[in-house]
Amino acid sequence: MRGLEEEKVLEVNNLVIRFYTYAGVVKAIDDVFLYLKDGEILGVVGETGCGKTVTALSTLRLIPNPGKIERGDIFLKTDEGLVNLMEKDEKYMEKIRGRYISIVFQEPGAALDPIYKIGEQIGEALLIHRRNHYYSEVLKSIEEKLKVEKSPLRRFILKLELKICRELIKDPNSAYSILLSFPFLNEVNKLVENLVKNDVIFLLRAMGIPDPERTYNRYPHELSGGMKQRAVIAMALACNPKILIADEPTTNLDVTIEAQILHLIRELRDRFNSSILYITHDFGVVAEICDRVAVMYAGNICEIAGVEEIFRKPLHPYTKALIESIPRPGKPFKSIPGTIPNLINPPSGCRFHPRCPHAMEICSKETPKVKEVERGHLVACHLYR
Amino acid sequence: MPSTKIFLNELLFTFKRMRESPLSIVGLAIVMFYVCLAIAAPILAPPQPGRDPYVMPSYGISPIPTPPSKEAIWGTTEGQYDLYYGCIWGTRTAFRTGLITTFAVVIIGILIGSIAGYFGGKVDEIIMRITDIFYAIPTIVLAMAIVVLLGVGLDNVIKALIIVGWPTYARLMRAEILRIKNEDYVEAARAVGCSNFRILVKHVLPNAIYPVLIMGSMNIGNTVLAASALSFLGLGSPAGYADWGSLISLSRNWILGLPGNPLAFWHTYTIPGLFIFTFVLGWNLLGDAFRDMLDPLIRRR
């Protein structure tokens, strides 16, 4: 494991998350570990409520109330080297979100603000993280104009605009930004808008959206589900993040659109060179796009392995049961007996033991340790000691 | 310019939407009629030079109202005040009370409601308990008490209506903020790196504000009604001030008419009453239209 260190872009260790609800403390995530290698797609599989989404959101430090990250380390490879996100404050996280890690939610319709045009929303993500880039571009173009401009009044205005741009690059919140709302100075805003618009249209085109110029001016409710999801992906990829979290992005789409979106995600991974954390409960999707799979059950990681490995030789009884419960023609439908445990009072020892066909005495007493059975194939089960 | 063209298209679309509901056209027509009336007041009812135009001219000192005549075309009310003049100039008073009160109430409600909704916790608790206290006392009684405290007068009526009016808006705003705060797109905005302030100003407020604005536009009429009620009770403008409420207040002693002729002084209360009635009706109809026009989700259906 140590040898892969350089390739890792994200590493989550010993993550513990609790939800302090009225009914009691929900032990949602217990000692979860994950790592994401450069350019790979890691699938996170598990039943509803097993903590897939919470794990993913924790990497952005966006745990919904009343959840709290109790312990754990989240290492992210940034331009300044390896950073432990757990040690950083909210202001720093704002810079990370969207720039290094971004997320695509399950429901594309709900993830878009109904009152803004598609283009404006994607542009917002760009403007937040690449403001200075845009202002420097504008600075250059104003300097160009100043070289050829003769009229003294116009020259004065251009010089004023230059000054404002320089101040804004130095300090985005400077009072100079108010000046830009004056009509004779709003040229700067227009130039920035145009630059952003070009980038947004480029993104929309990369998402395979037909007629991006028109889609730019559309409102979310004017688009179909598939198109909305493409727009949401464009928003997430706007600043070319290292890591994209896809939280069941195709669950609410029909099958043909699902195939298109999956294809798009794989294509974008190659094109934008991102690593993707793909959350799903569908092993078919996993087989389709993932490189590696992490199987989660009731807030624990059961097994992590390469995608071929996991289908060929699943080790953990839960993984086996999951794979067997994929409906196949001609075979009787198999489901996993029992129900998901209540995480306020999770079963002692291995959380899967009440439903496990191979349960032994030790399973209810001791939490199984993670063991690397083969290179890159990790399993947490007492059967493999 | 493409942006101008888009704006023009949107404006045309707005009117198209309006044409589809005849009631909103009626509302708009009534309100526009009153706007014209307020603007044209100096032409329709020229004030005597050198006098405060809001003080109705009086044709004598007899308290008994006179029926319509050549001098006063809609007759006079108690104190020989000209009804026609009073009703026309009263339009301005109505607009002033309605618009100032509603504007202030909406702004205060939005500010306080969003603070309560967005920050939650103790701040929310304190603000909401204050609104509870306001709700525990009947609105008009509370307004009366405040006017008595501040002193009788139209300005104080406006102040009193603002003081009793904001809790409704603050509550509505808070409820909307709480709803919007949990929407996925707010989470999505946070996930692309928006700061708290930016999320509040750009995503939460604009989405939460519509119900408050619509309620405000519907309430302009009701505010005028409340102000008229206070004037009727003698707490509003001084006698002789052009204000529909006080015109009805002046007719209070004559509502029963004369023995054997109950409708002897019908004009003293019917005419200003009709003005108040249609004014309020117009704003209420227009409020509905505003909802259909402004809400981007309903708008495109």
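Residues numbered from 1 in each chain as written. Chains lettered and ligands numbered in written order. Predicted model: local features only at pLDDT ≥ 70, side-chain atom pairs only at ≥ 80, totals over all residues. Heavy atoms only, no water.

Student: I keep staring at the overall build of chain A and nothing clicks. Help me out?
Tutor: When helices and strands are counted, chain A shows 12 helices and 12 strands. If you line up chain A on its principal axes, its C-alpha atoms span 90 × 45 × 45 Å. Of the contacts formed within chain A by residues at least 6 apart in sequence, a portion of 65% connects residues at least 24 apart. Carbon and sulfur atoms provide 53% of the accessible area of chain A, an area that totals close to 18,000 Å². (Helix = DSSP H or I, 4+ residues; strand = E, 2+ residues; numbered from the N terminus. Contact = heavy atoms within 4.5 Å. Areas by Shrake-Rupley, 256 points an atom, 1.4 Å probe, with all protein chains shown as cover.)

Student: Help me understand the interface of chain A and chain B, please; the structure alone is not making it clear to me.
Tutor: How big an interface is tends to be stated in terms of accessible area lost as the parts join. In this assembly, 28 residues from chain A lie in contact with 21 residues from chain B. The contact between chain A and chain B buries some 2,200 Å² in all, and 63% of this surface belongs to carbon and sulfur atoms. Linking chain A with chain B are one salt bridge. Connecting chain A to chain B are eight residue pairs in polar contact (both at pLDDT 80 or more). Of all the secondary-structure elements, those providing two or more residues to the side of chain A that touches chain B are β6 (101–104) and α3 (118–148) of chain A. A total of four residues in the side of chain A that touches chain B trace back to one element, the largest contributor, which is α3 of chain A. Counted by class, the side of chain A that touches chain B contains 16 nonpolar, five polar and seven charged residues. (Buried area = accessible area lost by both parts, 1.4 Å probe. Salt bridge = Lys/Arg side-chain N within 4 Å of Asp/Glu carboxyl O. Polar contact = N/O pair within 3.5 Å; in protein donor to acceptor, adjacent residues only side chain to side chain. Nonpolar A, V, L, I, M, F, W, Y, C, P; charged D, E, K, R; others polar.)

Student: What's the story with the packing of aromatic side chains in this structure? I'm lost.
Tutor: Pairs of aromatic rings are described using the distance from one ring centre to the other and the angle between the two planes. If you walk through the whole model with that rule in mind, you get 18 aromatic pairs over all chains. With a centroid separation of 4.6 Å and an interplanar angle of 55°, the aromatic rings of Tyr297 of chain A and Tyr318 of chain A are classed as tilted. Linking Tyr297 of chain A in strand β9 (residues 292–297) with Tyr318 of chain A in helix α12 (residues 317–324), this pair joins segments that are 21 residues apart in sequence. Comparing Tyr297 of chain A with Tyr318 of chain A shows no difference in burial state: the two are buried. With centroids separated by 5.2 Å and ring planes inclined at 80°, the aromatic side chains of Phe95 of chain B and Phe279 of chain B adopt a geometry described as edge-to-face. Taken as a pair, Phe95 of chain B in helix α4 (residues 83–119) and Phe279 of chain B in helix α11 (residues 266–294) lie far apart in primary sequence, 184 residues in all. (Phe/Tyr/Trp six-rings, centres within 6.5 Å; stacked < 30°, edge-to-face > 60°. Buried < 20%, exposed > 50% of the residue type's maximum accessible area, 1.4 Å probe, protein only.)

Student: Hey, could you run me through the state of the cysteines in this one?
Tutor: Simply put, the disulfide is a covalent bond whose two ends are the sulfur atoms of two cysteines. Summed over the entire model, instances satisfying the criterion amount to zero disulfides over all chains. Sulfur of Cys36 of chain B: no disulfide; nearest cysteine sulfur belongs to Cys87 of chain B and is 17 Å away. The cysteine Cys194 of chain B is free of any disulfide, with Cys239 of chain A supplying the nearest cysteine sulfur at 11 Å. What makes Cys194 of chain B buried here is its relative accessible area of 2%. (Disulfide = S-S within 2.5 Å.)

Student: Before we go on, may I ask you to explain the sheet that holds strand β5 (residues 81–84) of chain A in this structure?
Tutor: Each strand in a sheet pairs with another by means of backbone hydrogen bonds, the pair being arranged parallel or else antiparallel. Residue and element names in this part refer to chain A. Spatially, four strands are ordered β2-β1-β4-β5 in an open sheet, and the strand pairing comes out antiparallel. Looking at which strands have only one partner, the edges of the open sheet turn out to be β2 (24–37) and β5. For this sheet, the mean angle separating the axes of adjacent strands, direction not counted, is 10°. Pairing between strand β1 (residues 8–21) and strand β4 (residues 67–78): eight bridges, direction antiparallel. Looking at β4, one finds that Phe19 is bridged to Gly67. (Pairing = 2+ DSSP bridges. Axes fitted to C-alpha atoms, helices over the stretch in contact; angles between N-to-C directions.)

Student: How should the confidence of the model for chain B be read in this particular structure?
Tutor: Interpretation of this model should avoid reading the predicted coordinates in detail wherever pLDDT is low. Residue and element names in this part refer to chain B. Per-chain confidence: chain B averages 83 in pLDDT, with 94% of residues scoring 70 or above. Confidence, read as mean pLDDT per element, is least for helix α12 (residues 296–299) in chain B (57) and greatest for helix α5 (residues 121–136) (91). Reported confidence for the predicted complex is 0.82 by ipTM and 0.78 by pTM. (pLDDT = per-residue confidence, 0-100.)

Student: Even after reading the chapter, I still don't get the side chain of Asp124 of chain B, so can you show me in this structure?
Tutor: Residue and element names in this part refer to chain B. Here Asp124 shows up in helix α5. Residue class for Asp124 comes out buried when judged on its relative accessible area of 10%. At 2.5 Å, the side chain of Asp124 forms a polar contact with the side chain of Arg174.

Student: Explain a nonpolar patch on the surface here, please?
Tutor: All names here are of chain B. A cluster of nonpolar side chains, Ile133, Ile137, Ile140 and Val141, forms an exposed patch at the surface whose accessible area comes to about 320 Å². Tracing the backbone through its elements, the reader meets Ile133 in helix α5. Judged by its relative accessible area of 55%, Ile133 falls in the exposed class. (Patch = residues over 30% accessible without salt bridge, like charges linked within 9 Å, V, L, I, M, F, W, Y side chains within 5 Å.)

Student: Quick question: what am I supposed to make of the nonpolar core here?
Tutor: Looking at soluble globular proteins, one finds that nonpolar side chains tend to be buried together. Residues and elements named next belong to chain A. With 144 residues, the main nonpolar core has Leu85, Ile101, Ile122, Met207, Ile233, Ile245 and Tyr278 as its most contacted residues. Counting residues per element, this core draws most heavily on α3, which supplies 10 residues. Beyond its immediate stretch of four places on either side in the chain, Met207 contacts Arg230, Ile233, Ala234, Leu237, Leu264 and Leu268. (Core = buried A, V, L, I, M, F, W, Y, C linked by side-chain atoms within 4.5 Å.)

Student: What is the right way to look at helix α7 (residues 154–181) of chain B in this model?
Tutor: One turn of the α-helix equals 3.6 residues, which is why residues spaced by three or four share an orientation. Here α7 of chain B spans 40 Å end to end across 28 residues, near enough to the 40 Å set by a 1.5 Å rise per residue. Along its length, α7 of chain B shows its largest kink, about 35°, at Gly165 of chain B, and proline Pro167 of chain B lies within four residues downstream of that point. (Expected span 1.5 Å × (residues − 1). Bend = angle between axes of the 7 residues up to and from the residue.)

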